[in-house]
Amino acid sequence: MELAADRTKVGASIAKMKRTVEAVGAAHLAALQAHMEASAARLGTKPAVIVLSDLEKKAAKIVPRPTSKVRSEGYRGYARFIEEVPKEEKAKYPYSQYGPMDFMGNTNELHCLINGSHTILEIKKMLDAQSQRKANLEHILNYIQVLRLAGLVEIKELK
């Protein structure tokens, strides 16, 4: 959208395509649900029920939104704000960006997904879909808290 000459036209086209893709996704999910129920009945078992962990429930209720600070210093200028968060405060929210405890591999991708419309759980699932390594939900939650302390995100709690 940032590069579109006619933002209204492009925005309408994207919105229409998004609705179409969401409808396809809903249809596929319904087909999978029906198949799972039929398979469970054939095997004489109960259908699987997905139950979120407490951490997943918490993450499903938090929507981070970027603040104007993110772009105020230009490309990657927000790193300065993260560095300015006192070490004692950062220590309250441990996360690992590299090595075997890597929570996402690429903070740039995480930053792009923080747009005020995705919950943290949805962000984790999107990161998981793009990588062979599963994201660590607790580390993502902690990193977003550090971004909040840096004034780079605001957090909206859903009910």
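Just so we're clear, the structure is a prediction, and the values are computed from it rather than from any experiment. (Residues numbered from 1 in each chain as written. Predicted model: local features only at pLDDT ≥ 70, side-chain atom pairs only at ≥ 80, totals over all residues. Heavy atoms only, no water.)

With that settled, the discussion passes to a nonpolar patch on the surface. Residues Met1, Val10 and Ile14 make up a contiguous nonpolar surface patch of about 250 Å² in total accessible area. Within the secondary structure, Met1 is located in the segment before helix H1 (7-43). (Patch = residues over 30% accessible without salt bridge, like charges linked within 9 Å, V, L, I, M, F, W, Y side chains within 5 Å. Areas by Shrake-Rupley, 256 points an atom, 1.4 Å probe, with all protein chains shown as cover. Salt bridge = Lys/Arg side-chain N within 4 Å of Asp/Glu carboxyl O. Helix = DSSP H or I, 4+ residues; strand = E, 2+ residues; numbered from the N terminus.)

So, about the pattern of salt bridges. Between side chains of opposite charge, a pair can form as their charged atoms come close. Considering all chains together, one arrives at five salt bridges under this definition. The partner of Glu22 in a salt bridge is Lys18, and the shortest N-O contact between them spans 3.6 Å. A residue pair is termed a helical-turn pair when its members lie 3 or 4 positions apart in one helix, as Glu22 and Lys18 do in helix H1 at four residues. A residue is classified by how much of its surface remains accessible, and Glu22, at 46% relative accessible area, is partly exposed. Lys18 gets classed as exposed once you look at its relative accessible area, which sits at 52%. (Buried < 20%, exposed > 50% of the residue type's maximum accessible area, 1.4 Å probe, protein only.)

Grouped together as the largest cluster of nonpolar side chains are 24 residues, with contacts concentrated most on Ile82 and Ile120. Elements represented by at least two residues in this core include exactly helix H4 (79-83), helix H6 (107-113), helix H7 (120-130) and helix H8 (137-149). Ranked by the residues each element gives to this core, the list is headed by H8, at seven residues. The contacts of Ile120, once residues within four sequence positions are left out, are Ala59, Ile62, Pro64, Leu137, Ile140, Leu141 and Ile144. (Core = buried A, V, L, I, M, F, W, Y, C linked by side-chain atoms within 4.5 Å. Contact = heavy atoms within 4.5 Å.)

Here the focus is H1. Its 37 residues give H1 an end-to-end C-alpha distance of 53 Å, which sits within 8% of 54 Å, the value for a rise of 1.5 Å per residue. Of the residues flanking the end of H1, it is Gly44, one or two places downstream, whose phi is positive at about 70°. (Expected span 1.5 Å × (residues − 1).)

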